[in-house]
Amino acid sequence: MASKKELQVSAIENGTVIDHIPADKLFDVINVLCIDKIQNNAMTFGTNLKSNQQGKKAIVKIWDKFLEDGEVNKLALVAPEAKINIIKDYEVVEKKLVQVPDNVDGIVKCMNPKCVTNYEYVPTKFTVVNKSPIVLRCRYCEKMTDQQNFVII
Ligand code: CTP
Ligand code: ZN
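Cut-offs and rules
- Sequence order as written defines the numbering, with residues in each chain counted from 1.
- Going through the entries in the order they are written, you letter the chains from A and number the ligands from 1.
- Given that this is a predicted model, residues contribute local features only at a pLDDT of at least 70 and side-chain atom pairs are listed and counted only at 80 or more, while totals for whole chains, interfaces and linings are drawn from all residues.
- To get the side-chain values, take all heavy atoms of the structure and skip hydrogens and water.
- The disulfide criterion used throughout: a pair of cysteine sulfur atoms within 2.5 Å.
- Each residue is placed in one exposure class: buried if its accessible area under a 1.4 Å probe, protein chains only, is under 20% of its type's maximum, exposed if it is over 50%, and partly exposed if it falls in between.
- A strand pair is defined by DSSP finding two or more bridges across the two strands.
- Secondary structure counts use DSSP, requiring at least four H or I residues in a row for a helix and at least two E residues in a row for a strand, with both numbered from the N terminus.
- Where helices are involved, their axes are fitted lines through C-alpha atoms of the stretch in contact, as for all axes, and angles between N-to-C directions lie from 0 to 180°.
- Here a residue counts as near a molecule or strand whenever at least one of its heavy atoms sits within 4 Å of it.
- Each polar contact in these results corresponds to two N or O atoms within 3.5 Å; when the atoms are within protein, one needs to be able to donate a hydrogen and the other to accept it, and residues that are neighboring in sequence are counted only if both atoms are side-chain atoms.
- Only the protein chains shown count as covering a residue, and every accessible area follows the Shrake-Rupley method with a 1.4 Å probe.
- Residue polarity follows a fixed list, in which Ala, Val, Leu, Ile, Met, Phe, Trp, Tyr, Cys and Pro are nonpolar, Asp, Glu, Lys and Arg are charged, and the others, Gly among them, are polar.
- Aromatic pairs are defined between Phe, Tyr and Trp rings, using the six-membered ring for Trp, whenever the two ring centres lie within 6.5 Å; interplanar angles under 30 degrees are classed as stacked, those over 60 as edge-to-face, and all others as tilted.
- Geometrically, a lysine NZ or arginine CZ counts as sitting over a ring once it is within 6 Å of the ring centre and also within 35 degrees of the ring normal.

Attention shifts here to the state of the cysteines. All chains considered together, the criterion is met by 0 disulfides. Summary of cysteine pairing: Cys34 is not part of a disulfide, and the nearest cysteine sulfur, belonging to Cys138, is at 20 Å. The exposure class assigned to Cys34 is partly exposed, which follows from its relative accessible area of 36%.

Here is the structure:
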């Protein structure tokens, strides 16, 4: 771990640190995890921070919150390179990599403008047909939406 003097965002005592988020994906991560709905937990966000690996990165720290695997895997859609660190008593006790899920409900818009999900209030549902790059098949209209065309709802 970087020395305390070098930490760009304060260390946390217990909770989750989502690290190595590409700098331009911070708000997508906040969106897919519905972080704006979390109440009472202290949280810090940083972006355009120095990274040894990527140039610039973003980071999310949530005190006293431990994300479930399903939540972690939603990250795969917007920031597959992110790393989840579980912190207990100021120590990193676990690191999780994100994994692309088999099904995606909500989160992404269907690319087909004629799809029912784009003109009625119907949440999107997709089957993941390829994991890298991610390709989703809409369960309503059968059309494919690929990673480059993801629009986060
Ligand atoms: N972290 C934190 N609070 C702590 C401990 C760690 O906010 N009490 C943060 C660190 O600032 C870092 C992340 O959790 O952003 C992972 O910590 P650590 O594994 O110590 O850092 P690295 O070894 O640099 O991890 P990686 O190899 O994943 O970059
Ligand atoms: Zn569709």
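Here we come to the sheet that holds strand E5 (residues 91-97). With antiparallel pairing, the 5 strands of this open sheet are ordered in space as E2-E3-E1-E4-E5. Only two strands of the sheet have a single neighbouring strand rather than two, namely strand E2 (43-51) and E5. Neighbouring strand axes in the sheet, compared pairwise and without regard to direction, differ in orientation by 20° on average.

Now for the sheet that holds strand E7 (residues 125-131). Strand order in the open sheet formed by 4 strands is E6-E7-E8-E9, with antiparallel pairing between adjacent strands. In this open sheet, the two edge strands, each paired with only one partner strand, are strand E6 (103-105) and strand E9 (144-146). Pairwise comparison of adjacent strand axes, ignoring direction, gives a mean angle of 30° for this sheet. Relative to E9, strand E8 (residues 134-138) runs antiparallel, the two sharing 3 bridges. Counterpart to Val135 in the pairing with E9 is Asp146.

Judged from the 6 bridges that link them, strand E4 (residues 83-88) and E5 form a sheet pairing that is antiparallel. If you follow Asn85 over to E5, its bridge partner there is Lys95. Here E4 hands over to E5 after 2 residues, with Asp89 in that stretch at a positive phi of 50°.

Looking now at the site of ligand 1. Around ligand 1 there are 15 residues in total, and Ile12, His20, Lys61, Tyr90 and Lys95 lie nearest to it. His20 places a polar side-chain atom, nitrogen or oxygen, 2.6 Å from an oxygen atom of ligand 1. Between Tyr90 and ligand 1, the recorded distance is 2.8 Å, taken from a backbone N or O atom to a nitrogen atom. In isolation ligand 1 offers 600 Å² of accessible surface; the protein chains occlude 80% of this area. Contributions of two or more residues to the shell around ligand 1 are made by strand E1 (15-22), strand E3 (55-63), E4 and E5. Of the residues in the shell around ligand 1, the class split is 9 nonpolar, 2 polar and 4 charged.

What follows deals with the packing of aromatic side chains. Applying the stated criterion across every chain, the model contains 0 aromatic pairs. For Lys88, the ring lying beneath its charged end belongs to Phe66, and the centroid distance is 5.1 Å.

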